[in-house]
Amino acid sequence: MVAFSSQGHINPMLRLAKRLISRGLHVTLATTDVARHRMLSSSSATSTAVAAGSVAGIRLEFFSDGFALDYDRKSNLDLFMDSFSRVGPKNLSSIIHNQNSKFKCIITNPFVPWAADVAEEHGIPCALLWIQPCALYSIYYRFYNSLNPFPNIENPNSWVELPGLPIMKTEDLPTFVLPSNPLGSITKLFSDLLQNVKKFKWVLANSFEELENDVIGSMSGTHLVRAIGPLVPPELLGEDRAVDAGIEMWKSADDCIDWLDQRENCSVIYVSFGSIAVLSEKTDGGDCHGAEEHVGVRVSSDPDGVVTGAEVERCIEAVMSGPSAAEFRKNAAELKVAARGAVAGGGSSNRNIQMFVDEIIGGSRIQ
């Protein structure tokens, strides 16, 4: 496995790796030296495991991304991604070459697309683990392969209609497909990845069929996408946290944990803006989206495209205590049950992982 050096990229890989190990495979995860440095500086449990060279039975390997550990990779993301794509393949190839046994498969994620070229050089079949919803994969795939019309400079507010998805306005779309997208490196990365998806023998998605059945079905005419998720912390599915293979790359703030422990159940909202979002004092509404259908409310922007604090407050109150709050919780609980069923024995994601394993080892057994 080859992962980008972000916690949100590494952890889904580790959780998939643990499921593969439970089916008799041996798994190595390769990521960059800066990820190792962050892991060693984080929680004691993570740092101890990383120092020993493995996590939950998953062997760890690290390679240079071409920059010093203290270099601010977010300061110029375009420069970093361009350099990483030149340095990374050689360093990853060295890891593969130095192994005692031949790998049966390489699994990479969208931010390390060049791993497919390295796999090809070594004669190893490659899989892509898409760590976001299938809906996003479908949007990106159709956009970067020019299969459907999208907003452009001449018509920036056009509506988009894609198979398996509801009709979408501009504000429903991910920033990377809009004319206003500021990150050229991400556009190039996704373009190279999705225009050359045939390099991957498998596309695995961090989702499950019961959640995205329509959009998964809509892609059957292009290429097969297998949902093998959700690859999330086990406590989100009502399971024991101790069985998680995930790691921490940041130290938890003890005062935050103490504060959270004093709150009642279902009384706190957690917000994550991801690793590369840059928020100004006045945030563009294009970067803020409400939840897909029956589990949330839409965040609306003002005429200048800004989401105000009052609007965010309105949405929080609607979700936590508004007239539909009880229905939102009920629907979310039902999705939790469906997700747990998908990864359980006989579930849709469980079966898809087993089919993947059978194809890797050349067998035909399905549990």
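Taking an unreviewed UniProt entry as the reference, the chain is identified by name as UDP-Glycosyltransferase superfamily protein belonging to Actinidia rufa. Under the UniProt heading Sequence similarities (unreviewed entry), the note attached to the chain is "Belongs to the UDP-glycosyltransferase family."

Engineer: Looking at this model, I keep getting lost on the side chain of Asp65. Mind explaining?
Structural biologist: Within the element layout of this structure, Asp65 appears in the loop between strand E3 (58–63) and helix H4 (77–97). A polar contact is formed between the side chain of Asp65 and the backbone nitrogen of Phe67, at a distance of 3.0 Å. Looking at Asp65, its side chain comes within polar contact range of the side chain of Arg73, at 2.7 Å.

Engineer: How should the nonpolar core be read in this particular structure?
Structural biologist: Note that soluble globular proteins tend to have their nonpolar side chains buried in a common cluster. Counting 54 residues, the largest nonpolar core has Tyr137 and Phe190 as the members making the most contacts within it. Of all elements in the fold, only H4, helix H5 (115–121), strand E5 (126–130), helix H6 (134–144), helix H7 (184–195), strand E6 (202–205) and helix H8 (209–218) reach the threshold of two or more residues within this core. Contact partners of Phe190, with chain neighbours within four places excluded, come to Pro110, Phe111, Trp130, Tyr140, Tyr144, Phe176 and Gln195. Within the second largest apolar cluster, 34 residues are counted, among which are Leu14, Leu29, Leu129 and Ile228.

Engineer: Please clarify how the domain arrangement of the chain should be interpreted in this entry.
Structural biologist: In many reports, interface size means the accessible area that the parts give up when they come together. For the chain, the assigned domains are domain 1 (7–252 + 344–363) and domain 2 (255–322). Here the C-alpha centroids of domain 1 and domain 2 sit 26 Å apart.

Engineer: It is not clear to me how the packing of H4 against H7 should be interpreted in this structure. Could you clarify?
Structural biologist: The angle between the axes and the distance between the axes are what describe a pair of packed helices. Look at H4 against H7: their axes get within 8 Å of each other, and the N-to-C directions meet at 35 degrees. Residues Leu77, Asp78 and Met81 of H4 pack against Gly184, Ser185, Ile186 and Leu189 of H7. Residue classes in the contact of H4 with H7 are distributed as four nonpolar, two polar and one charged.

Engineer: Honestly, H4 in this entry has me stumped. Any pointers?
Structural biologist: The periodicity of an α-helix, 3.6 residues per turn, causes residues three or four places apart in sequence to face the same way. An ideal rise of 1.5 Å per residue puts 30 Å on 21 residues; H4 measures up with 29 Å between its terminal C-alpha atoms. Every buried residue of H4 is accounted for by Leu77, Phe80, Met81, Ser83, Phe84, Gly88, Leu92, Ser93, Ile95 and Ile96. Looking at the packing, one finds that the buried side of H4 touches strand E1 (28–32), E3, strand E4 (106–108), H5 and H7.

Engineer: Can you help me understand the packing of H6 against H8 in this one?
Structural biologist: For the pair H6 and H8, interaxial distance at closest approach is 9 Å and the crossing angle is 25 degrees. For the element pair H6 / H8, the angle class is roughly parallel. In the crossing of H6 with H8, the sense of the turn from one axis to the other is left-handed. Across from Cys134, Ala135, Ser138 and Arg142 in H6, the residues of H8 making contact are Glu212, Val215, Ile216 and Ser218. Residue composition of the contact of H6 with H8, grouped by class: four nonpolar, two polar and two charged.

Engineer: Help me understand the layout of surface pockets, please; the structure alone is not making it clear to me.
Structural biologist: Any space left empty among the atoms is revealed by the rolling of a water-sized probe across them. Of the pockets and cavities examined, the second largest pocket occupies roughly 620 Å³. Lining the second largest pocket are 26 residues, with His26, Val27, Thr28, Phe103 and Lys104 positioned closest to its centre. A per-element tally of the lining of the second largest pocket places H4 first, with three residues. Tallied by class, residues from the lining of the second largest pocket come to 15 nonpolar, eight polar and three charged.

Engineer: Help me understand the packing of aromatic side chains, please; the structure alone is not making it clear to me.
Structural biologist: Working definition: an aromatic ring pair is given by the centre-to-centre distance plus the angle between the planes. If you walk through the whole model with that rule in mind, you get 21 aromatic pairs. Arranged with centres 6.0 Å apart and planes meeting at 45 degrees, the rings of Trp130 and Phe190 form a pair that is tilted. Of this pair, Trp130 sits in strand E5 while Phe190 sits in helix H7; the two residues are 60 residues apart in sequence, bridging distant segments of the chain. Residue Trp130 shares its accessibility class with Phe190, and that shared class is buried. With centroids separated by 6.3 Å and ring planes inclined at 35 degrees, the aromatic side chains of Tyr140 and Tyr144 adopt a geometry described as tilted.

Calculation notes
- Residues numbered from 1 in each chain as written.
- Predicted model: local features only at pLDDT ≥ 70, side-chain atom pairs only at ≥ 80, totals over all residues.
- Heavy atoms only, no water.
- UniProt positions renumbered as here; feature names shortened; annotations may be inferred.
- Helix = DSSP H or I, 4+ residues; strand = E, 2+ residues; numbered from the N terminus.
- Polar contact = N/O pair within 3.5 Å; in protein donor to acceptor, adjacent residues only side chain to side chain.
- Core = buried A, V, L, I, M, F, W, Y, C linked by side-chain atoms within 4.5 Å.
- Buried < 20%, exposed > 50% of the residue type's maximum accessible area, 1.4 Å probe, protein only.
- Contact = heavy atoms within 4.5 Å.
- Domains from an automatic or database assignment.
- Axes fitted to C-alpha atoms, helices over the stretch in contact; angles between N-to-C directions.
- Nonpolar A, V, L, I, M, F, W, Y, C, P; charged D, E, K, R; others polar.
- Expected span 1.5 Å × (residues − 1).
- Parallel < 35°, antiparallel > 145°, perpendicular 65-115°, else oblique.
- Left-handed = near helix turned anticlockwise from the far one by under 90°.
- 1 Å grid on protein atoms, 1.4 Å probe; cavity = no way out; pocket = protein on both sides within 12 Å on 5 of 7 lines; lining within 4 Å.
- Points joined across faces, edges and corners; volume = space filled by probe spheres on them.
- Phe/Tyr/Trp six-rings, centres within 6.5 Å; stacked < 30°, edge-to-face > 60°.

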